[in-house]
Number of protein chains: 2
Amino acid sequence: MSTPAARAYQALSDRFRRLSALEDAMGMLSWDRSVMMPAGGAASRAETSAALATLHHDLLVDGHVGDWLDEAAEGAAGLTAWQAANLREMKRSYIHSTALSGELVEAVSLAASECEHVWRTARAESNFALVQPTLTHLLGLVREVAQAKAQALGVSAYDALLDEYEPDGRSADIDVLFSELEAFLPSFLPQVLAAQGAEPPAPQGPFPVATQEALCRRLMQTLGFDFDHGRLDVSTHPFCGGTPQDVRITTRYRDDDYSGSMMGVLHETGHGLYERGLPTEWAGQPVGRARGMSIHESQSLLMEMQACRSREFVTYTAPLLREAFGGSGPAWETDALYKRAIRVERGFIRVDADEVTYPLHVILRYRLEKALIEGRMEAADLPDAWNALFQSLVGVPVPEDRVGCLQDIHWYDGAWGYFPTYTLGALTAAQLFAAAVAADPQIPAGLERGDFAPLLAWLRPNIHARASSLSTRDLLIAATGKPLSTEAFKAHLQRRYAV
Amino acid sequence: MSTPAARAYQALSDRFRRLSALEDAMGMLSWDRSVMMPAGGAASRAETSAALATLHHDLLVDGHVGDWLDEAAEGAAGLTAWQAANLREMKRSYIHSTALSGELVEAVSLAASECEHVWRTARAESNFALVQPTLTHLLGLVREVAQAKAQALGVSAYDALLDEYEPDGRSADIDVLFSELEAFLPSFLPQVLAAQGAEPPAPQGPFPVATQEALCRRLMQTLGFDFDHGRLDVSTHPFCGGTPQDVRITTRYRDDDYSGSMMGVLHETGHGLYERGLPTEWAGQPVGRARGMSIHESQSLLMEMQACRSREFVTYTAPLLREAFGGSGPAWETDALYKRAIRVERGFIRVDADEVTYPLHVILRYRLEKALIEGRMEAADLPDAWNALFQSLVGVPVPEDRVGCLQDIHWYDGAWGYFPTYTLGALTAAQLFAAAVAADPQIPAGLERGDFAPLLAWLRPNIHARASSLSTRDLLIAATGKPLSTEAFKAHLQRRYAV
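The structure presented is a predicted model; accordingly, all values stated were derived computationally and were not measured.

### Structural notes on the packing of aromatic side chains
Residues and elements named next belong to chain A.
Right, so step 1: In total, this model carries 44 aromatic pairs over all chains according to the counting rule given.
Right, so step 2: Ring geometry for Trp-119 versus Tyr-412: centroids 5.9 Å apart, planes at 15°, classification stacked. On the criterion of sequence distance, the pair formed by Trp-119 in helix α5 (residues 102-125) and Tyr-412 in the loop between α15 (382-394) and α16 (420-439) is long-range, its members being 293 residues apart.
Right, so step 3: Among the aromatic side chains, those forming a connected cluster through ring pairs are Tyr-165, Tyr-358, Trp-386, Trp-411, Trp-416, Tyr-418, Phe-419 and Tyr-422.

Right under this line is the structure:
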C-alpha cells in the first residue's frame, strides 16, 4: 500500500532513525565527556557536540519533514496505534525545533553557558548579586523561547517549556496535585519528625571504595541490571546515560560513607532498567523512547524510594553490608539501618532531601519559575521570594543564598520547566508501586530475599514496553486504572513514617 | 573580497568542518567500542556508526560540494598556499566518495564484514579453503572499486586503492624502493644473524600489570605525551585513536612480558605526538589532518625503532626497568637489554617482526595484493604464491597458512593497498631521524638522559605542524632535502646490526 501518505510516513521513519543515531552518538560523547575525557579535550569536544547538534537540528527542520508530516497525517487512518503515536511524537519534535529561530537558539545557548559559568562563582561565594545580571538576561531569552513555543504548541508560556520535559504536561494539573501536597506535607512533617525519635548511630567507616563498588555492582544485578548491556563508572555528578542497548550509569564514592553511592546507584539503576526495557522493535523511533521525565523519574524513585528503602529490602541488604564492611554493633542492626534509610529532616538542599520534604523543595521552585516565566516576578526578586517561601513550606529560615536560590544548576543553565517532573515522578512511583503490589502481593516478599523479578515482571509490560505509545496520562490509567493523584503517595508516607 | 570563488571556498570550509566533527565523533565511538563498550552494545553501536557514516557520505557527495569545488577552483589564484592545499585535499575526499555508487559501497562493506567473520574461523583452523570463496567474492568487488577509482583519479587500479591511505602514492615509486630493499635485505639478514651471537637471557617475570602501566605512563610523558590531552587504556588490539586534542592510546598487558606493551605504547605514542602536533588553526579542515599513512607510520617507527630501541634510550630505561621490576643479574644488564631490543630472527608473523625482516613481510604482501588487484592472480593461488615468495625472501618454509596467508586481517576486512605504507613509514622514519640528528647532533645524547625535547623540537615544525599542506614527497624534501630513498634506512641497519 504505497500511498503518498505511506511513503511520507516511511520517509519520516527513516529520517528519525537517522536523528536517533545522532542522539545516540551525542549521548555517548556526553558520557565520555563526564567520565573519560581529559580536561584538555573540552574545547574540541564542545565543537564536535555543537556540530552534531546543528546537524541534528538541520535534519529535523529541513523543509521535507514538514511536508512529510502533513502528507502522513492525511493517511493517519491507515496507521496502527503505535505508528500514529510515532507520528504524534515526530510532530512534537518538529514543532519544538521549528518554533525557534536559529538566532534565538544560539543566543539562549550562549547566555546559558555564560550564566552557568558565573553561577559557579556566585554559588561558591554565596553572592546572588554577582549572577543577577546574567540571569536576568538569560531569563529574558527564556521568556522569548516560552512565547515562541507557546504560540507553536497552542499552550501557555510555562506549559510550552514544560512540554519539552513532560510531553502534554499542563500546569493546571500540576497546580491541583501540588496544592494537595501543600495542604498535607507542612503539617505532616512535624508529626514525622516527632515520631521518628532519636537518630540511630551511624556506621563508622572507612568504607573502601573497591568494596563499595563491588557492592553496587552486586545490587545492580540484584535489581536486574545486565552488565552485558551496560557499565558502572565514576563521575562528579552521577547520571544514567548511554543508550537502551548500552546503559551507562555513574556514581561517586566517599570513603566515609557508603550509603550515598549505594542509594544513588540504585536510583540510577531504576532509570537504566527503564531504558533497557524499551521495545527493541521501535528502537530509533520517537515512539520507542522513554515517555517523559516524570515517568523516567518514577522508575528511579520506584526503585530507590519505594523498593530499596523499604524495610523488606533493608532486611535483605543489612547482612550483605555487615559482611562487606565487617560491620557489627548497634549501628549495623537491621532496624537501625532501616531507620537511617528513611530518616527525615528539615534540610536546605534539594538533592540531599528525604522523600517527605523533597516535594516542598520542588513546589517552591515550581511556583517561582512559573512566576518568573509569566513575568509576575523578576530575577532580582528571587532571593527574598525564595527565602520567604522556604520558611513557609519547610518551616526554617534560609541562612544564605548558597543553600537557597543558588543551590541548583537548572535555571542558571537554561533548564526551566523541569523541576515539577521530580515530584510528578515521586507521585507516579507511589501509584505504580501500589498497583504493582496490588497485582502481585508477592512483590514485597521478593524484595526481602533480593528477588526483583516479580516487580520487574509487572514494570516491563505495564511501563517499559509501552515506551511513548500512550500519553503519560493514558499510560498511568492503563497501568493503574486511574490518572495521577496524590493518594498513593500520601498513603505511602502515612504507612512508612506515621507509624 | 567576497567573490563567488571566495564564497564557494568558505562554504566548502564550513562543510568540511562539519564532516570533521562527524569524523571525530566516529573516532570516539570507535575507541569506545574497543575499550569501553559492553558486548551487548555491539549491534546498536554498529547501526549508530553506519548511520553516521551514511550522513558523512551524504554531506560529502551532496550536489553543492561539486559545484563549490569548481567555483573555488576558479579563484585558486587568490588562495594562500594552505588554502590551496586545503582545496586539493577536499577535492581528493570528494573524488574518492563520488567515484563509487552507494550500491557498491554497501556491497563491499557487507562482503568485507562477511569475509572477516569467516576468516576468524579459517585462521584459527589454518584452513584457507574455508575462506577462499568469500575472499574471491570480496576481491571481485575490490577490483570494481579499484577500477572505478582509477577512472575517477586517472591512475592505475592499484594506485587508486593506495591513494586512499597514501595520497599521491604511486606503485612505480614503491617498486623502485622495494626492489632496492629486495636486493639488500635477503643477503644482509644472514650477516646480521651471524653477527648478533647468542640470545641474551630473558628477564624473568611475573611483571605486575600495575607496574607495567605506571612505567608506560611515565615513558609516554618522557616522550612528550600530555595526559591533559589524552589517555592510555587497554584493548585487545592496541591502537592510537581519538582526536588531536584528545589522543586515545591503547595497549594490552601480559604478566610474563613487559616489553611487548612497553614498546607498543612507545610506538603508539609516536602516532599520538603527531596528532597532537597538528596545527590547531587548521583543525577541522582536510589540510590540517595528518599527511597519510606512511608519514603517520614514520612517526611511530621513528619513536619506536629509531629512538627507543637505540642504545642511548635503552641506557636510560635500563635502571628504570630494574627498579620497577626489582630486576638484577645478567638478564637486566643494559647491554643484554639492548641486545634483546634489537634481536633479529626469521619469523613468520609480520606484527612480531624486527625491523630487518619486517620489510620482507611487507614486500611479499605488496607483490601479492598488486597481482590480485591487477587480475594477474586469483585468491585461490594465494597460499602457494605466499609460501613460495616467503621462502625466497625470508629463507624459511611456511609450515601452515595460519602463520602464512591467513595471519593478517587486512585483505579479509577489505583493506587493500595499505601494506606498503608500513615499510614506506620505516624508510621515512630513518630518513627523518638522520636529518634530525644532522640538524641537532645533541638529539642522541638527549635520548640517553630521557630528554626528547630536542627531537620533538625538530619534528614539530618539520613534520607535525605541516600537516597536509605539502604532498608527502614535498614534505620529505622540505624536511630532509631529498625525496624518499632507502639510503638512510640501509645506513641505519648497517650501523645498528652489522657492527
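### A few points about the state of the cysteines
Right, so step 1: Counted under the stated rule, the structure contains zero disulfides over all chains.
Right, so step 2: Unpaired in this structure, Cys-216 of chain A has its nearest cysteine sulfur neighbour in Cys-308 of chain A, at a distance of 11 Å.

### Side note on the pattern of salt bridges
Residues and elements named next belong to chain A.
Right, so step 1: Counting across every chain of the model gives 68 salt bridges over all chains.
Right, so step 2: A salt bridge links Arg-143 to Glu-378; the shortest N-O distance between them is 3.3 Å. A residue pair is termed long-range when its members are at least 10 positions apart, and Arg-143 in helix α6 (residues 128-153) and Glu-378 in the loop between α14 (358-373) and α15 qualify at 235 residues.
Right, so step 3: Between Arg-170 and Asp-163 there is a salt bridge, with its nearest N and O atoms 3.8 Å apart.
Right, so step 4: In this structure Arg-170 comes out as partly exposed when scored by relative accessible area, which is 26%.
Right, so step 5: Under the relative-accessibility criterion, Asp-163 is labelled buried at 2%.
Right, so step 6: Three or more residues joined by partner-sharing salt bridges are found here, namely Arg-88, Glu-89, Arg-92, Asp-163, Asp-168, Arg-170 and Arg-291.

### Here's the deal with the UniProt feature "active site" (unreviewed entry) in chain A
Residues and elements named next belong to chain A.
Right, so step 1: If you check UniProt for "active site" (unreviewed entry), the listed places come out as Glu-268 in our numbering.
Right, so step 2: Locating Glu-268 in the fold gives a position in helix α10 (residues 259-277).
Right, so step 3: Here Glu-268 falls in the buried class, since its relative accessible area comes to 11%.
Right, so step 4: Residue contacts for Glu-268: discarding those within four places in its chain leaves Pro-238, Phe-239, Cys-240, Ile-249 and Thr-250.
Right, so step 5: In this structure the side chain of Glu-268 is engaged in a polar contact, spanning 3.3 Å, whose partner is the backbone nitrogen of Cys-240.

### Focus: the UniProt feature "binding site: Zn(2+)" (unreviewed entry) in chain A
All names here are of chain A.
Right, so step 1: Sites flagged by UniProt as "binding site: Zn(2+)" (unreviewed entry) map to His-267, His-271 and Glu-297. Taking the farthest pair of C-alpha atoms as the criterion, the annotated set spanning 31 residues converges on one region, since that pair is 8.9 Å apart.
Right, so step 2: By the secondary structure assignment, His-271 is in helix α10.
Right, so step 3: In this structure His-271 touches Cys-240, His-296, Glu-297, Gln-299 and Ser-300, once residues within four positions along its chain are discounted.
Right, so step 4: In contact with Glu-297, not counting residues within four places along its chain, are His-267, His-271, Thr-421, Tyr-422 and Gly-425.
Right, so step 5: A polar contact of 3.5 Å, which involves the side chain of Glu-297, links it to the side chain of His-271.

### Focus on the interface of chain A and chain B
Right, so step 1: Counting from both sides, the interface comprises 33 residues of chain A and, opposite them, 33 residues of chain B.
Right, so step 2: Surface buried jointly by chain A and chain B totals about 2,500 Å² across both partners, of which 62% is contributed by carbon and sulfur atoms.
Right, so step 3: If you sort the residues of chain A by the area they bury against chain B, Arg-18, Met-36 and Leu-55 of chain A come out on top, with a joint share of 21%.
Right, so step 4: Taken together, chain A and chain B are joined by six salt bridges.

Parameters and conventions
Residues numbered from 1 in each chain as written. Chains lettered and ligands numbered in written order. Predicted model: local features only at pLDDT ≥ 70, side-chain atom pairs only at ≥ 80, totals over all residues. Heavy atoms only, no water. Phe/Tyr/Trp six-rings, centres within 6.5 Å; stacked < 30°, edge-to-face > 60°. Helix = DSSP H or I, 4+ residues; strand = E, 2+ residues; numbered from the N terminus. Disulfide = S-S within 2.5 Å. Salt bridge = Lys/Arg side-chain N within 4 Å of Asp/Glu carboxyl O. Buried < 20%, exposed > 50% of the residue type's maximum accessible area, 1.4 Å probe, protein only. UniProt positions renumbered as here; feature names shortened; annotations may be inferred. Contact = heavy atoms within 4.5 Å. Polar contact = N/O pair within 3.5 Å; in protein donor to acceptor, adjacent residues only side chain to side chain. Buried area = accessible area lost by both parts, 1.4 Å probe.

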